[in-house]
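# Coordinate inspection notes
The residues making up each chain are set out below.
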Amino acid sequence: MKIPILRLGRILLASIQEDLTDTEAMQFQSDLVNEVAEIEALGVAVDITALDVVDSYMARVINDTASMVRLLGAEVVICGVQPFVAMTLIEMGRDLIGADCTFNLDQGLEQLKTRIASRGDIRFAGDEDE
Amino acid sequence: MNEPAPAERIAIRSHNDIVTARHAAREHSARLGFGRAYQTRLATAVSELTRNVIQYAGEGSCLIEEHADEDGCSIRVSVEDHGPGIPDLALALADGFSTSGGLGAGLPGTRRLVDHFQISSEPGLTRVVISIRKAR
């Protein structure tokens, strides 16, 4: 299964809708990082609302992906971590997810806009498609 | 109703089987009436253990058993493989230790998610038994 990566101006939006195998998770990481580089994205929102299990492997993939995206120069937020996922991750060990998180995609996009604006990047798009 | 059996054995041979095993763990715990927090803990623990099987032994098995009596109910999951074994169990159970470049949350992290955790390992047989329990 390939995770669709949607483009809103220079923001990328990826919503993980079902449980991924390790291979699919790595594929997603590489697809997303390539896409960020390709369009020189300013921000990326990864929505994991539908994930009801995030084990240490998946947490690492999410973390690494966020770090890679930041290295390229884009802002990133993880959206919709489920309460039981949060509890489990913290019980398992600290710092499994180090990226910035928001309750949902709406807030994620708002936060990206704010951060991109505060970086002084006025090219933020997303509104320009409307 | 297509209910899962009280016991289920899942062969662990590929990454897909990790997903199958964690789904099965969640289904069995939901069926016994465990809340979502426990379902998530168990599913995550099973995911960690079955991944270890793939990573270190190549293949193995995961047995999920439901138990219910007048005092309450429990789910026991036994994950075993015939790989090289864990040379230093104490070290493998220490936080922050990993031989695979992971986060090192595997075994110690898994132990914190469940009510009971037992591990034995020698070359040719590694077995981890975990369980969660709920009073009636």
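Look above for the structure.
The notes below deal with the structure included here. Every value quoted in this text rests on a predicted model; they were computed, and no experiment measured them. (Residues numbered from 1 in each chain as written. Chains lettered and ligands numbered in written order. Predicted model: local features only at pLDDT ≥ 70, side-chain atom pairs only at ≥ 80, totals over all residues. Heavy atoms only, no water.)

### Some words on the overall build of chain A
Per the secondary structure count, chain A includes 4 helices and 5 strands. By residue count, 51% of the 130 residues in chain A fall in the buried class. Here chain A has roughly 6,200 Å² of accessible surface; of this, 53% comes from carbon and sulfur atoms. (Helix = DSSP H or I, 4+ residues; strand = E, 2+ residues; numbered from the N terminus. Buried < 20%, exposed > 50% of the residue type's maximum accessible area, 1.4 Å probe, protein only. Areas by Shrake-Rupley, 256 points an atom, 1.4 Å probe, with all protein chains shown as cover.)

### Regarding the interface of chain B and chain A
The partner chain A presents 20 residues to the 23 residues of chain B that form the contact. Summing both partners gives a buried area of about 2,000 Å² for chain B against chain A, and 53% of it is carried by carbon and sulfur. Linking chain B with chain A are 6 salt bridges, by the criterion used here. Scanning the region where chain B abuts chain A turns up 12 residue pairs in polar contact (both at pLDDT 80 or more). Of the residues forming the side of chain B that touches chain A, the biggest block, 9 residues, is contributed by helix H2 (residues 36-57) of chain B. Here the side of chain B that touches chain A is composed, by residue class, of 7 nonpolar, 9 polar and 7 charged. (Contact = heavy atoms within 4.5 Å. Buried area = accessible area lost by both parts, 1.4 Å probe. Salt bridge = Lys/Arg side-chain N within 4 Å of Asp/Glu carboxyl O. Polar contact = N/O pair within 3.5 Å; in protein donor to acceptor, adjacent residues only side chain to side chain. Nonpolar A, V, L, I, M, F, W, Y, C, P; charged D, E, K, R; others polar.)

### Quick look at the pairing of strand E4 (residues 116-122) of chain B
Residue and element names in this part refer to chain B. Pairing of E4 with strand E5 (residues 125-135) involves 7 bridges; the strand directions are antiparallel. Across the sheet, the residue bridging to phenylalanine 117 is isoleucine 130, located in E5. Where E4 hands over to E5, the hairpin turn is made up of 2 residues, of which glycine 124 adopts a positive phi near 95 degrees. (Pairing = 2+ DSSP bridges.)

### Points about the sheet that holds strand E4 (residues 75-79) of chain A
All names here are of chain A. Spatially, 5 strands are ordered E1-E2-E3-E4-E5 in an open sheet, and the strand pairing comes out mixed. Every interior strand has two partners, whereas the edge strands, strand E1 (5-8) and strand E5 (101-102), have only one. Of the strand pairs in this sheet, E4 and E5 are connected by 2 bridges, and their pairing is parallel. Paired with isoleucine 78 across the bridge in E5 is cysteine 101. Of the strands in this sheet, E1, strand E2 (11-15) and strand E3 (43-47) touch helix H1 (residues 22-39), which is tilted by about 165 degrees from E2. Lying over the sheet, helix H2 (residues 56-72) contacts E3 and E4, oriented at roughly 155 degrees with respect to E4. (Axes fitted to C-alpha atoms, helices over the stretch in contact; angles between N-to-C directions.)

### Details of the state of the cysteines
Residues and elements named next belong to chain A. Summed over the entire model, instances satisfying the criterion amount to 0 disulfides over all chains. Between cysteine 101, a free cysteine, and cysteine 79, which holds the nearest cysteine sulfur, the sulfur-to-sulfur gap is 8.2 Å. Residue cysteine 101 is classed as partly exposed on the basis of its relative accessible area of 40%. (Disulfide = S-S within 2.5 Å.)

### Considering the pattern of salt bridges
Two side chains carrying opposite charge are able to pair once their charged atoms lie near each other. Across all of its chains, the model carries 15 salt bridges over all chains by this definition. Asp55(A) serves as the salt-bridge partner of Arg51(B), at 2.6 Å between the closest nitrogen and oxygen. Of this pair, Arg51(B) sits in helix H2 while Asp55(A) is found in the loop between E3 and H2, placing the two residues in two different chains. Each of the two residues, Arg51(B) as well as Asp55(A), counts as buried. Taking the shortest distance from any N to any O, the salt bridge between Arg115(A) and Asp100(A) comes out at 3.7 Å. Residue Arg115(A) is located in helix H4 (residues 105-118), and its partner Asp100(A) is located in the loop between helix H3 (83-92) and E5; the two are separated by 15 residues in the primary sequence. Judged by its relative accessible area of 16%, Arg115(A) is buried. The structure contains a network of salt bridges with shared partners spanning Asp19(A), Asp22(A), Asp55(A), Arg22(B) and Arg51(B).

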